[in-house]
Amino acid sequence: MYSAAAEGCITTASGLGSSSFNVFNDSRRTIEVFRGFTCDNGAPVATVGPHGATNGVVTRTVHGSLFGDDGVVGSFLVLTDDEDW
């Protein structure tokens, strides 16, 4: 769980055999989800509007790394009120 008050690119990872992320946005802001550790790996793979949700967002799979078992890594960006989507 992350706060929508966060600024900048936030890296997130899930291990234990995960293959995707579920994103639940309970804020009035918009969230963009990206592949990999940074938010500059191309276009977002998912955009979740205010009070929205999406399931099964596939980002990048990590095999046998510091996260232990296979898992996924991604990043997200919370858009401020002055940014359009």
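What you see as residue numbers is a count from 1 along each chain, following the sequence as written. Only residues with pLDDT of at least 70 get local features here, since the model is predicted, and only at 80 or more are side-chain atom pairs given and counted; chain-wide, interface and lining totals rely on the full set of residues. Values reported for side chains reflect all heavy atoms of the structure, with hydrogen atoms and water molecules removed beforehand.

## A look at the overall build of the chain
In step 1: The helix and strand tally for the chain stands at 0 helices and 7 strands.
In step 2: Beginning at the N terminus, the succession of helices and strands in the chain can be written as β-β-β-β-β-β-β.
In step 3: Counted over contacts in the chain with a minimum sequence separation of 6, partners at least 24 positions apart contribute 66%.
In step 4: For the area figures, the Shrake-Rupley method with a 1.4 Å probe applies, and any residue is considered shielded solely by the protein chains shown. Carbon and sulfur atoms form 50% of the exposed surface of the chain, whose accessible area is close to 5300 Å². Segments assigned H or I by DSSP are reported as helices when at least four residues long, segments assigned E as strands when at least two residues long, and all are numbered from the N terminus. In this description, contact between two residues means that some pair of their heavy atoms is separated by no more than 4.5 Å.

## Looking at the pairing of strand β2 (residues 21–24)
In step 1: Note on exposure labels: buried denotes an accessible area under 20% of the residue type's maximum, exposed denotes more than 50%, and partly exposed covers the range between, all computed with a 1.4 Å probe on protein chains only. Because side chains alternate across β2, one face comprises the buried residues Phe21 and Val23, and the other comprises Asn22 and Phe24, none of which is buried.
In step 2: Only strands that DSSP links by at least two bridges are regarded as paired with each other. Sheet topology places β2 next to strand β5 (residues 53–57); 3 bridges connect them, and they run antiparallel. Of the residues in β5, the one forming a bridge with phenylalanine 21 is valine 57.

## A look at the state of the cysteines
In step 1: Here, the term disulfide refers to a pair of cysteine sulfur atoms separated by no more than 2.5 Å. As enumerated under the stated definition, the model contains 1 disulfide in all.
In step 2: With a sulfur-sulfur separation of 2.2 Å, cysteine 9 is cross-linked through a disulfide to cysteine 39. Across the S-S bond linking cysteine 9 and cysteine 39, the dihedral sits near 85°, which makes this disulfide right-handed. In this pair, cysteine 9 sits in strand β1 (residues 9–14) while cysteine 39 sits in the loop between β3 (30–35) and β4 (46–48), placing the two residues 30 residues apart along the sequence.

## Here's the deal with the confidence of the model for the chain
In step 1: Per-residue pLDDT for the chain averages 78, and the proportion of residues at 70 or more is 73%.
In step 2: pLDDT expresses, on a scale from 0 to 100, how confident the predictor is about each individual residue. Confidence, expressed as mean pLDDT per element, reaches its minimum in the chain at strand β6 (residues 60–62) with 58 and its maximum at β4 with 92.

## Thoughts on the nonpolar core
In step 1: Ranked by size, the top nonpolar core spans 11 residues in total: Ile10, Phe21, Val23, Ile31, Val33, Ala46, Val48, Val57, Val72, Phe76 and Val78.
In step 2: At the level of elements, β2, β3, β4 and β7 (71–79) are the ones that each hand at least two residues to this core.
In step 3: The biggest single contributor to this core is β7, with 3 residues. In this text, buried Ala, Val, Leu, Ile, Met, Phe, Trp, Tyr and Cys residues form a nonpolar core when linked through side-chain atoms within 4.5 Å.

## Digging into unusual backbone geometry
Where the residue is not glycine, phi is negative for most of them; where a peptide bond is considered, it is trans in most cases.
In step 1: Within the chain, histidine 51 stands out as a residue other than glycine whose phi angle is a positive 55°.
In step 2: Relative to the helices and strands, histidine 51 is located in the loop between β4 and β5.
In step 3: Here histidine 51 falls in the exposed class, since its relative accessible area comes to 56%.

## What to know about the environment of threonine 54
In step 1: Secondary-structure assignment places threonine 54 in strand β5.
In step 2: With residues near it in sequence (within four places) discarded, threonine 54 still touches Phe21, Asn22, Val23 and Val48.

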